[in-house]
Amino acid sequence: MRLGAFLLLFIPGLVFAQVFPSKPLRVVVPQPPGGGFDLVARTLSEPLAALLGQPVVVENRPGGGTVVGTDLVAKAEADGYTLLLGASANLAFSPGLYRKLPYDPKADFVPVGLAAGFAYTLVARTDFTLNSLKEIVDYARANPGKLTYASAGNGSGQHICAALIWHLAGVSLTHVPYKGAQAAYQDLIPGRVDVFFDASATARGQVEGARVKALAVSGPARLPYHPNVSTVRETGVLDFEIESWAGFFVRAGTPEPVLARLRAEFDRVVASPEIAASFEKRGARPIRLPLRDTEVFVRREIEKWTQLIRSAGLSAD
């Protein structure tokens, strides 16, 4: 009798895993098309669909500095069919930026896996008279609030990267948030806003197209495609680095057999040399971590950036 009861509990999960997925999946991207979030989702969705045998549809749900789309997944069924493009911005930065979030990044989501990392590149229009991060900081110190900096929205990685650097450097620039990186460039290039710390992957095309100039990068090392652009640390302005990350997450409580299938196929995708090359070509750093390391890394990132953002007094409310 006890064995029969055990089998009744076990068999539904087994059957669910055998038929999963039986319909299309969606990846919710909490930012508009065209940025680093979108790049990761669209790079991974097609090969993941091929392995799962069902379409994987990318659905952009911007709004509220990534909160709207992220909350949508937090409220979705925990069945594995709705995935979140989870990144530093919506999972590690938002807890420090907002007094109260409608979701809990630690409790509401579990990682399928991480895929890519992004430095940020400080860019300005080509005729901008200041030519380095140090010159910008010196000018801003003498002219508080006069310079403007764009972001892809309150709470975005671009916002946090820039705001922390200005805060730690002790200068004041005026924040101009946009609905995504592409909208920011529409004002940056003609000079309606002064500078933009964009994800390096999306800034790369603008720099190589000579529409903007690169002044600094936020990561621990220079970028191979911009070897002459100094890191923030190299400029002498700050001993500071920041690199964002992105991957796929699902609701906590997703059945283990379903989660195991998603993780196995996701790992096959990110292990592909073609996917790694695609990220590198677009300016992103491929990431491949074991599951336990991923869980520890994400938890530590949430704790680290929440504390730093709050100590800097930054807020998106």
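About the cut-offs
- Residues numbered from 1 in each chain as written.
- Predicted model: local features only at pLDDT ≥ 70, side-chain atom pairs only at ≥ 80, totals over all residues.
- Heavy atoms only, no water.
- Core = buried A, V, L, I, M, F, W, Y, C linked by side-chain atoms within 4.5 Å.
- Buried < 20%, exposed > 50% of the residue type's maximum accessible area, 1.4 Å probe, protein only.
- Contact = heavy atoms within 4.5 Å.
- Helix = DSSP H or I, 4+ residues; strand = E, 2+ residues; numbered from the N terminus.
- Pairing = 2+ DSSP bridges.
- Axes fitted to C-alpha atoms, helices over the stretch in contact; angles between N-to-C directions.
- Salt bridge = Lys/Arg side-chain N within 4 Å of Asp/Glu carboxyl O.
- Expected span 1.5 Å × (residues − 1).
- Bend = angle between axes of the 7 residues up to and from the residue.
- Phe/Tyr/Trp six-rings, centres within 6.5 Å; stacked < 30°, edge-to-face > 60°.

Student: Outline the nonpolar core, listing residues and values.
Tutor: Within the largest apolar cluster, 92 residues are counted, with the highest numbers of intra-cluster contacts made by V40, L44, F93, I136 and W166. Setting aside residues no more than four positions away along its own chain, F93 makes contact with S88, Y120, G155, G157, I160, I242, W305 and I309. Core analysis: the next-biggest nonpolar cluster, separate from the first, contains twelve residues, Y185, V193, F196 and V207 among them.

Student: Could you give an account of the environment of A246, naming the residues involved and the relevant values?
Tutor: Relative to the assigned elements, A246 resides in strand β10 (residues 244-251). Once the C-alpha coordinates of A246 and F279 are considered, the two residues, 33 residues apart in sequence, prove to be 12 Å apart. Excluding its chain neighbours within four sequence positions, the residues that come into contact with A246 are V40, L85, G86, A87, L114, A115, A116 and F118.

Student: Residues and numbers for the sheet that holds strand β3 (residues 82-87), please.
Tutor: Spatially, the six strands line up as an open sheet ordered β2-β1-β3-β10-β4-β11, and their pairing is mixed. Both edges of this open sheet fall to β2 (56-60) and β11 (285-286), since each of them pairs with a single strand only. Across four bridges, the pairing between β3 and β10 is antiparallel. Looking at the pairing, A87 lines up with A246 of β10. Contacting β1 (25-29), β3, β4 (109-118) and β10, helix α3 (residues 67-74) runs over the sheet at an angle of about 140° to β3. Helix-sheet contacts for helix α9 (residues 256-270) involve β1, β4 and β10, and the interaxial angle to β4 is about 10°.

Student: Go over the pattern of salt bridges, please, and point to the residues and values.
Tutor: Counted under the stated rule, the structure contains 20 salt bridges. Between E265 and R268 there is a salt bridge, and its shortest N-O distance comes to 3.1 Å. Of this pair, E265 and R268 both sit in helix α9, separated by three residues, roughly a single helical turn. You can call E265 buried: its relative accessible area is 8%. Residue classification places R268 among the exposed positions, given a relative accessible area of 51%. Taken together, the shared-partner salt bridges connect R26, E59 and R61 into one network.

Student: Outline unusual backbone geometry, supporting the account with residue identities and numerical values.
Tutor: With an omega dihedral of -5°, the bond running from F20 to P21 counts as a cis peptide bond. Relative to the elements of secondary structure, P21 occurs in the loop between α1 (2-19) and β1. Of note in this structure, A210 is not a glycine but carries a positive phi near 60°. A210 sits in the exposed class, given a relative accessible area of 56%.

Student: Hey, could you go over helix α2 (residues 36-52) for me, with residue numbers and the actual values?
Tutor: Helix length check: α2, at 17 residues, gives a terminal C-alpha distance of 24 Å against a target of 24 Å (1.5 Å per residue), a fit within 8%. Remark: the principal bend of α2, roughly 30°, maps to S45, with a proline, P47, within the next four residues. A large share of α2 lies buried, amounting to twelve of its 17 residues. For α2, the full list of buried residues reads G36, F37, D38, L39, V40, A41, T43, L44, S45, L48, A49 and L52. One or two residues past the end of α2 sits G53, with phi positive at roughly 80°.

Student: With reference to specific residues and values, describe the packing of aromatic side chains.
Tutor: On inspection of all chains with the given rule, the structure shows nine aromatic pairs. Considering the side-chain rings of Y149 and W166, the 6.1 Å spacing of their centres and the 65° angle between planes classify their relative orientation as edge-to-face. A residue pair is termed long-range when its members are at least 10 positions apart, and Y149 in strand β6 (residues 148-151) and W166 in helix α6 (residues 157-169) qualify at 17 residues. Note on accessibility: Y149 and W166 belong to one class, buried. Ring geometry for W245 versus F249: centroids 6.5 Å apart, planes at 40°, classification tilted. One exposure class covers both W245 and F249, and it is buried. An aromatic cluster is defined as three or more aromatic residues linked by ring pairs; in this entry it consists of Y149, W166 and F197.

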